[in-house]
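Coordinate inspection notes
If you want the building blocks of each chain, they are given just below.
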Amino acid sequence: MKKRIGVYICQCGSNISDYVDVEKVNEIVAREQAVALSKITMFACADSAQNEIIEDIEKQKLDAIVVASCSPKLHLFTFRNVAQRAGLNPYNYIQVNLREQCSWAHSDNPPKATEKAIKLVMAGIERAKYSQALAPISIPSVNSVVVVGAGIGGMRAAIELADMGSEVFLLEREYFVGGRSSQWNELFTTNETGREVISRLYKTIMEYNNITLFTGAEIESKSGSVGNFDIKVKIKPRHVKPDCKLDWDKFKKAVEVCPVEFDDPFNFGLTKQKAIYKNFPSEFPEIPAIDVEHCTKCMKCSDICSDIDLNQKEEVLNLNAGSILLTTGASPYEPKEGEFGYKKIDNVITLQQLKRLIELRPDVLTYHNKKIQNVAFIYCVGSRQVDGENRYCSRYCCTSAIHTAIMLKENYKKINNFHFTRGVRTYGKQEILYNKSSKQGDIFFQSFDDSPTEVISVNGQTIVKIKDILTTDKELEVVADLVVLVTGMVPRQNNSINKILKVPIGRDKFYNEIHPKLRPVETVIDGVLIAGSCQAPLNITESVKSALSASSKVNSLISKGEIELEPTLAEIDDESCTWCDKCQSVCPYNAIDIKEEEGKSIAVIIESNCKGCGICLPVCPSNSIQLIGYSDVEIESMIDVLAC
Amino acid sequence: MEEVITAPKILVFSTEKISDPAIDLAGLLKKHYPPTVYTINIPCSSAVKSRWVLHAFEAGFDGVFIAADGTDCAYSETCTERTGELVKKTHELMKDRNIDPIRLKMAAICSVCSEPFVKHMKNFVAALSN
Amino acid sequence: MTQPNKFDALIIGGGIAGEESALNLANMDYKVIIVEKDLSIGGKMIHLSKVFPTLDCGACITTPKVSETARHPNISIYTNSEIQDIEKLGENNFTATLLEKPRYVTEDCTGCQICEEKCPVIVEDQYQWNLVGRKAVYVPFSIANPRIAAIDIENCSLCGLCEKVCPANAIDFSQEEKRSNINVNSVIIATGYNLFDPLKIPRYGFGKFKNVVTAMQMERQLVPTRPYNNVLRPKDGKMPDNIAYVLCTGSRDETVGNPICSQVCCMYSIKQAQLLLGALPMADVTIYYLHIRAFGKGFCEFFQQAKGMDVEFIKGKVGLIKEKENGNLILRYEDIQKGKVLEAEHDLVVLSTGILPNTDYSSMFKNINIEQDDFSYVHQVDELCCPAKTSIDGVFVAGTSSGPMDIPDSILSAGAASSETAGYLKGGIR
Amino acid sequence: MMSIIIINSRIDNSMAQINPDFAIELKKFGALDFNACYNCGNCTAVCSLSDEDNSFPRKMIRLSVLGLEGDIDSSVDPWLCYYCGECSETCPQQADPGELMMTLRRYLTSKYDWTGLATKLYTSKLWEFGSIFLLALIILLLFVFFHGPMTTELTVDGGVKLNTFAPWKEIEIGDWIMAGLLSFFLISNIINMYYKIIVKRKDVKIPIKLYFTEIWKLVLHFATQLQFSKCDTELSGKKYSINAYWIIHWLLMSSYVLMFAMIVVFLGWFQTDIIYNWWHPQRFLGYYATAGLTIGVVYFYIVRVYKKSEKSRHSHITDWTFLVLLFLTTVTGILVHIFRINGLPYATYYMYVIHLMVMFPMLMIEVPFSKWSHLAYRPFAVYFNNVLMAASKRINKKTEY
Amino acid sequence: MKKTIDIIKQKRTVPPGVKEGVKMFNKLKKEIFKVLKEKEMTILEIANEINADVDSITFNLMTCLKFGTIEVGKLDDNDEYYYYKLKNR
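In this section: the overall build of chain D. Across its full length, chain D carries 20 helices and two strands. By the compact-globule yardstick of 21 Å for 401 residues, chain D fits well, its C-alpha radius of gyration being 23 Å. Projected onto its principal axes, the C-alpha positions of chain D cover 75 × 45 × 45 Å. Within chain D, contacts between residues at least 6 apart in sequence are counted, and of these 73% link residues at least 24 apart. Total accessible area computed for chain D in this model is approximately 17,600 Å², and 68% of it derives from carbon and sulfur atoms. A gap of 3 Å separates the mean positions of the 36 positive and 31 negative side-chain charges of chain D.

Written out as structure tokens, the structure is:
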């Protein structure tokens, strides 16, 4: 039992003190017997305040401290550190959440908030009284990473991690690397093509011995934990012999004879694809693939080309990794049928389709055999929806559409671009592109949320209508040869991997980081990091930045050979335990074993496996399990204080 | 606000990674709920012991709310099931002690479910006041 | 005390980007030196009130990072210091001249501020953006790190009182500039940005009309350690009730040589508007904008939230500001939606000033040239694949030195810089 | 070669058809980078002539970008702008709104001109210089065939007998024919302007009375260019010599009008063989007008060369033609005068022919079809605008009650 | 112990503006204190009373507030201006 507890009540500037009478809290808390001192601070987290706490611990010989400030999610580790520096065990530190769960939540009722604050601090003191000194558990860590998704972010992260000395397993669900970037031609702002960037990265990756690339690979299951994940990876057969020197003429013939034809996802359905394919000649890995989902195994191709092997089977690999980095990217929003005439009016396509179209028709821009002169871009399709479900801004689309419009004018003669925007968001240096497109004669319109742009078809003409606020709300119409829906980003539709990894998902359905500023690439699941557009819509540079950022976090996590873990474990009371196996059967981590002691069977906790979830606690018929930090005495004494 | 003073006292068991962030978020967004709601956080909702719940009633709480991880639980897929079982078990124990089962409630609160949380709290308070 | 003079990485600038890079590298066991020209690390972020879009307080997020950086065994920090020149001797081999300017206060200072009380001099406090005075000897600001005093010798009356009263005997006027050579394997430029000076747009009357303030001045008014007792007008201390924001002041403006968008002004103005409505419940806030650039995660929702709080948004750039006798201001603008030129009266005007490059870095490199982009930011030679790479191998860029960005982007950019630096350092060893 | 398309503006149920190529067309009249406009409205906000009823120049830029020709043609705003250059100077996109307004004035001049000549003169150098030479040639030929005796005999004062070579009565006939042509073109163009600005507008009905109550504004603005003096640039915290500009502009304008009157209406009084004392009104007014023209021309020449102020930064080819022609007219006029009073018969005769060869094309081209026409269009625009405003205010008043 | 201030005095002279500033501030401070001794006042009232620039009163008064020699009183009836008073010591 701790008897010299130091209590610090943080004003958090005014965040707490505006609603909670901190003086009163301090006054009441100070009367508590176990409290050796209690103080009010402006910012408990400030360096000076931290030093003051250290000084107090040392001079006043405090045996536990309570800081009543913000959510422990922000500063638990900050103050544990403070305790440690003062020579106090970090687990003798208790944080009370006065801000998120008191002052802010009850800013409508300051007297009640103060009352609640007093109880919360008292409960914290109770908890501190029973707190034990704990030492973190150190577990070994393998210096290897599984990077999921070989798009530009994943590839960049793989290279950097390999540079820093980690073993990298790069998994790609598709048969070819490059992700979305390989689908785009010139990229803003350098005008390098996506294909060039990807082949540059691919060639670099091939130079590393410590990067292993798996294509057609998906995670099937995960076990273990940070430092030591066991990951089962399912690898789809490619049906082309891996080390073959492929005869390209034969490959072309094989493609010709393939009877299967379906909408080509790489070209967003603008063209047809065969079951045996390569999206473009310089795609990597060099050898083609046969799409297992569509192939009918008619053997026609293998008759032509001996390098084709339709007998390849699905493989399952076991990978051992210290950490998992998700760079699974995003998908373009697929407009609903009829949304701005999509799939109802035949010359309405998406921006992504247009980008493919430019590449497919390098000389004259045609669509459905009609020459295109007037192109109408409709912005914010699937983003910033007032009633729809995607309320967020997709960030990259304004610039992407404008950049594409510039490309159109540069590549083809007599193109007129019309931009139906909801306010152009070419932030930062991208503003220059907006400038350039205006100067080249592109016409911009802007509508407000309450009267969106409309696309209608009249007598075979496709008309785009807008109430243009730039022209005093005048209603304007453009007859367009091609309507381009500037679609935003949505999370990957097929997100089977998260059924396994369980990374929290945010309001916008993208993966959620712990904190956008403090820990922007980490998730609440230890050892699982996120980067790139699986986290939020980002452009390429931003994706790469976050991927690289994640790389350095991964490296500092796993490269030291060991990872320190929370010592929050279950404990078995040997006396009362009479082995019944209930706890073992519910434990998701195989952390409970049976042992013989003094002639009876009792349960025992395997420390490196125990995650401290406490699932075993309620199932024990004899109440023989306590969770460290959440023992009956701690919880019940807190309940007593809160209830009175 | 006189009626608040007599408002029922509620103990919430929240979970560190899922429902507690939602409760934090409610505060961050200044979504108000009754100040007689007190939270104790634990790692996982399937770790709540029946004796804690019963202790809470004995100590004077009018209601106990388990803000469960639901399917978001990072520990176990069986979390919902487990939490459900312990609630069922506790309900039985409550019946033995003549405690109205309405006083223990459980609902899954995801990590951004601040709005549902506030709604649950208001409804629970209303139900307990009757 | 002998200082080591060899480091794995030199980080120029101790703002949030520099700190993040330093921490990442230090956590990977590299020895890092941070050189900061200001008296405290923490950059501009440490002075901010709550930050968008989560509205958690800037100081609360910065201070733990600052103290973690300051305490890290692998990080050495030099404040009030500058890098005068850097020479590249070869791969993984740079030499730099470090200039430590005298602070005239030794590290024995406890930050007790007794000297500050006695000092007779009052000058404008740069950390409160000149809204209030400070002494010639002063602790920079309450959460400064290191939290020790410094003497502003340019404004010192040389009365010697501070030295007399200092209980720690920490005042030392005999300090002189100190130059030393350090040897480093890599360099990260994290010199950050400058804010646009609205004196360059005379038609907005900044400087002449005291109730026209910059957003940074408003930011200071919104923090707990604010210069006044509430949000007040700098002219006469009136509590404002009708506040205007003028966006794109010095951004997207060729006439001041800054054609690009500063990326943060829309959002910080929306944030300040929300905070103002909290601080002054009766106030009206109007934001005059061109386009609202609410593009990041949660930004759009944040913008909608402001609209829901009845912040008024008017599309149109303010062309002209005139002052009335009572200190109120008349803003002339075209309401684009109405297509009419209008005049509106406000009692406080906040200029949402843009971000300009801090070009201090450009003169540091002696025997090899560092390329700048068209806007004088550090040129990213391989922007798509290696966003931190500069024209000099082994020199990387973090944060707003490569272009305007918000805090999350700066932190990611700093992460990228640390990762590329680590790759470079390992590559050099291999 | 305009690819007519696409935008239908449905205001007033009239289909205003225009196209993005309009911008290309407009650039021939001089406009610069107005496409760069991102619609911030700064130009309108800094413009001291812009007000709630007439907010410009951004709206004109917008119409030009969209190519809504109908709306542009019916707009008076370009005439209300006196080009202080404030908008261009402060335009964040450097889209040069001031120069666009100037361009639109050229464009409107060509639009008001039903003959189509103005368009040709503005957009084709061949037309511009070809017609100058053609008109000069006509004068030359007229003199070659019809000039009077080139006597070397001097008057009693020692002056040249100019009226023998070119009797003022005959010249006056020519003057009247010219004045008739000028009036015909100019008046018909103004009627066309009236049609575009007022008649085509269906939303405002104008009571006849208003035309009379507002007419004094036409006179006022013609005589004083009052608008101009409102063109205040102090607001930006930067002072131009805008008042000097206004004074000199007025000096030039009044000299021109005076000279025009003396030549066309009072030629018999003005073109005499007698040499009066210098204070005689004939010589005095002549000197005033000549001095006014010289100072004006030289001043505008200098500002256009040095490009110190925003408004003189950009000069269209027709601006230079006008200045040069006006300058040559003035110089040759002065020379005729000098040669005459100093008794140099041949020099006087040849110079007189040259003088007319310059003056005639200048007047014929500039007055109805080009730069000089703004002398008429500006006050009329102010007048029409006032009529419109007064009418719509009446309507508003009615709807209010 | 030798005072280091003497060392710097040999190297530097005080810029004239600094002395001027100290004098100005002290003068204004004295005047502000004098009028506040009578009663609590708003910044505008102080400026009227001592006939000085409002903005320099604001600056210097707020500086005194920062260093704790002046404190904030109540708001005026229109909720516009605060009254300021001398801090009782």
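Moving on, we come to the overall build of chain C. Tallying secondary structure elements over chain C gives eight helices and 23 strands in all. Based on the C-alpha atoms only, the size of chain C along its principal axes is roughly 65 × 60 × 35 Å. When the accessible surface of chain C is summed, it comes to about 13,200 Å², and 47% of that surface belongs to carbon and sulfur atoms.

Looking now at the domain arrangement of chain C. All names here are of chain C. Assigned domains within chain C: domain 1 (6–101 + 177–192 + 358–429), domain 2 (121–157) and domain 3 (196–355). Computed over C-alpha atoms only, the centres of domain 1 and domain 3 are separated by 32 Å. Between domain 1 and domain 3, the residue contacts involve 15 residues of the former and 21 residues of the latter. Between domain 1 and domain 3, a total of about 1,600 Å² is buried, with carbon and sulfur atoms accounting for 73% of that surface. Contact with domain 3 buries surface across domain 1, with Ser49, Phe52 and Pro404 losing the most and accounting together for 36% of the total. Linking domain 1 with domain 3 are zero salt bridges, by the criterion used here.

This paragraph deals with the side chain of C:Gln128. Mapped onto the elements of the fold, C:Gln128 is located in the loop between β8 (123–124) and β9 (133–134). The residues contacting C:Gln128, other than those within four sequence positions of it, are C:Arg220, C:Thr225, C:Arg226 and C:Pro227.

With 42 residues of chain C at the interface, the matching set in chain E holds 31 residues. Summed over both sides, the interface of chain C with chain E buries roughly 3,100 Å², with 63% coming from carbon and sulfur. Sorting the residues of chain C by area buried against chain E places C:Ile122, C:Leu158 and C:Asn229 first, and these three jointly supply 20% of that buried surface. Across the chain C-chain E interface, the total number found is three salt bridges. For E:Lys11, the salt bridge is made with C:Glu176, and the minimal N-O distance between the two is 3.0 Å. Between the two partners, chain C and chain E, sit 13 residue pairs in polar contact (both at pLDDT 80 or more). At the level of secondary structure, the elements contributing two or more residues to the side of chain C that touches chain E comprise β8, β9 and α4 (161–165) of chain C. Residue classes in the side of chain C that touches chain E are distributed as 18 nonpolar, nine polar and 15 charged.

The next subject is the pattern of salt bridges. This structure, assessed with the given rule, holds 63 salt bridges over all chains. With a closest N to O distance of 2.8 Å, B:Arg51 and A:Glu636 form a salt bridge. Note that B:Arg51 is positioned in helix α3 (residues 50–59) and A:Glu636 in helix α17 (residues 632–643), a pairing that runs across two chains. For A:Glu636, a relative accessible area of 11% translates into the label buried. Salt-bridge contacts for C:Lys238 lead to C:Asp347; the nearest nitrogen and oxygen are separated by 2.8 Å.

Here we come to the packing of helix α9 (residues 125–146) of chain D against helix α19 (residues 345–369) of chain D. All names here are of chain D. Across the interface, α9 lies against α19 with an axial gap of 8 Å and an inter-helix angle of 135°. Classified by the interaxial angle, the pair formed by α9 and α19 is oblique. The two elements α9 and α19 cross, and the hand of that crossing is right-handed. The segment α9 lies against α19, with Glu128, Ser131, Ile132, Leu135, Ala136, Ile139, Leu140 and Phe143 engaging Tyr352, Val353, Leu356, Met357, Phe360, Pro361, Met364 and Ile365. Classifying every residue of the contact of α9 with α19 gives 14 nonpolar, one polar and one charged.

Quick look at the nonpolar core now. By size, the foremost hydrophobic cluster in this structure holds 229 residues, and its most contacted members are A:Leu98, A:Leu326, B:Phe13, C:Leu10, C:Ile83 and C:Ile86. Per element, the largest residue contribution to this core is nine residues, and it comes from helix α5 (residues 110–129) of chain A. Residues contacting A:Leu98, with those up to four places away along its chain left out, are A:Ile9, A:Ile16, A:Ala68, A:Ser69, A:Ser103, A:Ala117, A:Leu120 and A:Val121. Core analysis: the second largest hydrophobic core is formed by 169 residues, A:Ile402, D:Tyr107, D:Val358 and D:Val382 among them.

On average, residues of chain D score 85 in pLDDT, and 91% of them reach the 70 mark or higher. This model gives residues 1–16 of chain D a pLDDT under 50, and the stretch forms 50 contacts once residues within four places in sequence are excluded.

The subject of this paragraph is the domain arrangement of chain D. Residues and elements named next belong to chain D. Domains assigned within chain D are domain 1 (7–112) and domain 2 (117–393). Taking only C-alpha atoms into account, the centre of domain 1 sits 27 Å from that of domain 2. Taken residue by residue, the interface counts 33 residues in domain 1 and 38 residues in domain 2. The junction of domain 1 with domain 2 conceals about 3,400 Å² of combined surface from both sides, 60% of it contributed by carbon and sulfur atoms. When the buried surface of domain 1 facing domain 2 is broken down by residue, Trp79, Tyr82 and Tyr112 rank first, second and third, together holding 24% of it. Connecting domain 1 to domain 2 are one salt bridge. Of the charged contacts, one joins Asp319 and Arg106 as a salt bridge, the two residues approaching to 2.8 Å between their closest N and O atoms. Our enumeration of links across domain 1 and domain 2 arrives at eight residue pairs in polar contact (both at pLDDT 80 or more). Secondary structure elements with two or more residues in the side of domain 1 that touches domain 2: α5 (77–80), α6 (86–90) and α7 (97–112). Looking at which element gives the most residues to the side of domain 1 that touches domain 2, the answer is α7, with eight residues.

Definitions and cut-offs
- Residues numbered from 1 in each chain as written.
- Chains lettered and ligands numbered in written order.
- Predicted model: local features only at pLDDT ≥ 70, side-chain atom pairs only at ≥ 80, totals over all residues.
- Heavy atoms only, no water.
- Helix = DSSP H or I, 4+ residues; strand = E, 2+ residues; numbered from the N terminus.
- Rg over C-alpha atoms; globule rule 2.2 N^0.38 Å.
- Contact = heavy atoms within 4.5 Å.
- Areas by Shrake-Rupley, 256 points an atom, 1.4 Å probe, with all protein chains shown as cover.
- Lys, Arg positive; Asp, Glu negative; His and termini not counted.
- Charge placed at Lys NZ, Arg CZ, Asp CG, Glu CD.
- Domains from an automatic or database assignment.
- Buried area = accessible area lost by both parts, 1.4 Å probe.
- Salt bridge = Lys/Arg side-chain N within 4 Å of Asp/Glu carboxyl O.
- Polar contact = N/O pair within 3.5 Å; in protein donor to acceptor, adjacent residues only side chain to side chain.
- Nonpolar A, V, L, I, M, F, W, Y, C, P; charged D, E, K, R; others polar.
- Buried < 20%, exposed > 50% of the residue type's maximum accessible area, 1.4 Å probe, protein only.
- Axes fitted to C-alpha atoms, helices over the stretch in contact; angles between N-to-C directions.
- Parallel < 35°, antiparallel > 145°, perpendicular 65-115°, else oblique.
- Left-handed = near helix turned anticlockwise from the far one by under 90°.
- Core = buried A, V, L, I, M, F, W, Y, C linked by side-chain atoms within 4.5 Å.
- pLDDT = per-residue confidence, 0-100.

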